[in-house]
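The primary structure of each chain is shown beneath.
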Amino acid sequence: MPHQCTNCGRAFADGSKEMLSGCPDCGGNKFQFHPSETDASDDPDPSAEPPDPPAPESSVARTVGSAAATVRNLVGNSGTGAPDPDPQTPEETPAAPTGPESRSAPEANLPSTEDTAQSNARSEVVSPDEIPTGGWNPTDDTDAGSPDAATLSPNGSSTETDTGEERSAEDAGEDRPDLTELREELNDQFESIKVLNPGQYELNLMELYDREEYIIALQEDGRYTIQVPETWHE
Amino acid sequence: MGLITDIRDSISRSIASLFSAEDPKRIGIYGPPNAGKTTLANRIARDWTGDAIGPESHIPHETRRARRKENVEIERDGKSVTIDVVDTPGVTTKVDYTEFLEHDMEKDDAVRRSREATEGVAEAMHWLREDVDGVLYVLDSTKDPFTQVNTMLVGIIESQDLPVLILANKTDLPESNIRRIENAFPQHETIPLSALEGDNMDEVYDKIADYFG
């Protein structure tokens, strides 16, 4: 039972393509890795499994625990610079998928021992009739999450002119010459907060946590106010 | 002469540390938006001081600045534990004003709320780095706890060696699933509660006294 739906508990064989379109039972799109050597009592029939959440000692716990340990190691290393006395094994990181995005990068760090089901799943393309209708659409996430800063219009409705992209960009530039520039500058300097559009932000919690200074006020034009630590005044 | 000075310094340091140990612990209430953090903060403050900390709302990101209630004295088993309660803005990786439009909010207000919420997340993370001695991590037990935000925050809290209690809130709702939260964070104690209804608050206070007293 290498993978299990975190929502309903349904198990999937290693390399199963069923998971790629979400859990057929509940539609869940989060799966935890469950190494076979840690589970001697595999149930070959997933439908016979009760949907109860697994016991605390199960791999759900270990998965999140190992993800938390990864964060802890990252923080510990970046915060103190001290060497980590208990470095995690390299196998643990790819074994802790916590979100749908983790399914989209199977090429990274291919394991040396790959069984036929895994290589099959990796090499073959799922045919359209294998994908349940109404399931998760991989383009939903990727399209929604990548608005282009260059298409921003500070005037809101000024892009109705049909004279081409360059024209509208120039118009925007005349009104607020450095708006896009300022926003890009903010994005470059503060990876901790990304201004996608006015009122739409992406936050990098690790960066926010790691910075000694912190952003106390944002403005829509890309300006910001930060507070610096008192030690900087010396 | 030098020896006497050393001894005097040593004594004054001991006294200073003695007093600082008695300072109230500053307990941060953390968690994702709409988990019930302010409802819990108000419940604790009302139960022990009679005051509230801040307004509650079903619209996410109602709390956009950290709010503090000092010297909340909790009595357990004849002893009393004094803490400062810090209610922090909900932590998230994405803030989008369109989410607020669904709550009949004007666009300008929604954009402003979004900006303030983002500042609030920055403030919450800053407090976590600098200013809290312990954490009450509040989760909505009707929601999936396996999220990037929860994993990252709990990881950071653990890296700081801060004492933390996981509170599985909203047990009054039928979809509440305590087991799922226990499974997500087995390394920590999970306490079910309904901050809104006041259910199981006695256990919450027992554990606060245990962990932060």
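These figures come from a predicted structure and were not determined experimentally.

**Q** So what about the overall build of chain B? Which residues, and what values?
**A** Counting its secondary structure elements, chain B contains seven helices and seven strands. Listing every helix and strand of chain B by position from the N terminus yields α-β-α-β-β-β-α-α-β-α-β-α-β-α. Within the span of chain B, comprising 213 residues, buried residues form 49% of the whole. Counting only contacts in chain B whose residues sit at least 6 apart along the sequence, the fraction spanning at least 24 positions is 70%. Roughly 9700 Å² of accessible area belongs to chain B as shown, and the carbon and sulfur atoms make up 44% of that amount.

**Q** Give a description of the pattern of salt bridges that names residues and reports values.
**A** Throughout the structure, instances matching the rule amount to 15 salt bridges over all chains. Between R10 of chain A and D25 of chain A there is a salt bridge; the shortest N-O distance is 2.9 Å. One end of the pair, R10 of chain A, is in the loop between β1 (3-5) and β2 (11-12); the other, D25 of chain A, is in the loop between β2 and β3 (31-33), with 15 residues separating them in the sequence. D25 of chain A sits in the exposed class, given a relative accessible area of 54%. Salt bridges here are not isolated pairs; linked through shared partners, they connect R76, D202 and D206 of chain B.

**Q** Can you tell me about unusual backbone geometry, naming the residues and giving the values?
**A** Despite not being glycine, N34 of chain B shows a phi value in the positive range, around 65°. Residue placement: N34 of chain B occurs in the loop between β1 (25-30) and α2 (37-48).

**Q** Which residues make up the interface of chain B and chain A, and what values go with them?
**A** If you look at the interface, chain B gives 39 residues, while chain A gives 37 residues. Buried surface at the junction of chain B and chain A, both sides included, amounts to about 3500 Å², of which 63% is carbon and sulfur. The three residues of chain B that bury the most area against chain A are R129, F146 and N183 of chain B, which together make up 18% of that side's buried surface. Here chain B and chain A share zero salt bridges between them. For the pair chain B and chain A, the number of links is eight residue pairs in polar contact (both at pLDDT 80 or more). Elements supplying a minimum of two residues to the side of chain B that touches chain A: β4 (94-96), α4 (107-130), α5 (148-159) and α6 (178-184) of chain B.

**Q** So, the sheet that holds strand β3 (residues 79-87) of chain B: which residues are in play, and what are the values?
**A** Residue and element names in this part refer to chain B. Taking strand neighbours across the sheet as the criterion, the six strands line up as β2-β3-β1-β5-β6-β7 in an open arrangement whose pairing is mixed. A strand with exactly one partner marks an edge of an open sheet, and here the two such strands are β2 (67-76) and β7 (190-192). Taken pair by pair, the neighbouring strands of this sheet meet at an average axis angle of 30°, ignoring direction. Here β1 runs beside strand β5 (residues 134-140); their pairing, made up of four bridges, is parallel. The residue bridging I27 from the neighbouring strand is G134, located in β5. Along the sheet, α4 contacts β1, β2, β3 and β5; its crossing angle with β1, the most-contacted strand, is approximately 145°.

**Q** Talk me through the sheet that holds strand β5 (residues 200-203) of chain A; I want residue IDs and the actual numbers.
**A** Ordered by their spatial adjacency, three strands build an open sheet running β4(A)-β5(A)-β4(B), and the pairing between neighbours is antiparallel. A single partner strand is all that each edge strand has here, and the edge strands are β4 (193-197) of chain A together with β4 of chain B. Each strand of the sheet is rotated relative to its neighbour by a mean of 15°, with strand direction disregarded. Sheet topology note: the β4 of chain A/β5 of chain A ladder contains four bridges and is antiparallel. Bridge pairing in β5 of chain A links I193 of chain A to L203 of chain A. Across the sheet, α4 of chain B is in contact with β4 and β5 of chain A together with β4 of chain B; its angle to β5 of chain A comes to roughly 15°.

**Q** How would you explain the nonpolar core if you had to name every residue and give the values?
**A** Ranked by internal contacts, the top residues of the largest apolar core, which has 41 residues, are L205 of chain A together with Y30, V91, M125, L128, V135 and Y137 of chain B. The element best represented in this core is α4 of chain B, accounting for seven residues. Those residues within four positions of Y137 of chain B in sequence are excluded, and the remaining contacts are Y30, G31, P32, V149, N150, L153, V154, I157, V164, L165, I166 and L167 of chain B. Of all hydrophobic cores here, the second largest spans 26 residues; its members include I29, L40, I74 and F212 of chain B.

**Q** Describe the packing of aromatic side chains, and please don't skip the residues or the numbers.
**A** Residues and elements named next belong to chain B. The final tally for this structure, using the stated rule, is two aromatic pairs over all chains. Between W48 and Y205, the ring centres sit 5.2 Å apart and the planes meet at 85°, which makes this aromatic pair edge-to-face. Here W48, found in helix α2, pairs with Y205, found in helix α7 (residues 201-212); they are 157 residues apart in sequence, far enough to count as distant. Look at W48 and you get partly exposed, because its relative accessible area is 26%. Across the ring face of F100, the terminal group of R113 is positioned such that the distance to the ring centre comes to 5.3 Å.

Criteria and cut-off values
Residues numbered from 1 in each chain as written. Chains lettered and ligands numbered in written order. Predicted model: local features only at pLDDT ≥ 70, side-chain atom pairs only at ≥ 80, totals over all residues. Heavy atoms only, no water. Helix = DSSP H or I, 4+ residues; strand = E, 2+ residues; numbered from the N terminus. Buried < 20%, exposed > 50% of the residue type's maximum accessible area, 1.4 Å probe, protein only. Contact = heavy atoms within 4.5 Å. Areas by Shrake-Rupley, 256 points an atom, 1.4 Å probe, with all protein chains shown as cover. Salt bridge = Lys/Arg side-chain N within 4 Å of Asp/Glu carboxyl O. Buried area = accessible area lost by both parts, 1.4 Å probe. Polar contact = N/O pair within 3.5 Å; in protein donor to acceptor, adjacent residues only side chain to side chain. Pairing = 2+ DSSP bridges. Axes fitted to C-alpha atoms, helices over the stretch in contact; angles between N-to-C directions. Core = buried A, V, L, I, M, F, W, Y, C linked by side-chain atoms within 4.5 Å. Phe/Tyr/Trp six-rings, centres within 6.5 Å; stacked < 30°, edge-to-face > 60°. Lys NZ or Arg CZ within 6 Å of the ring centre and 35° of its normal.

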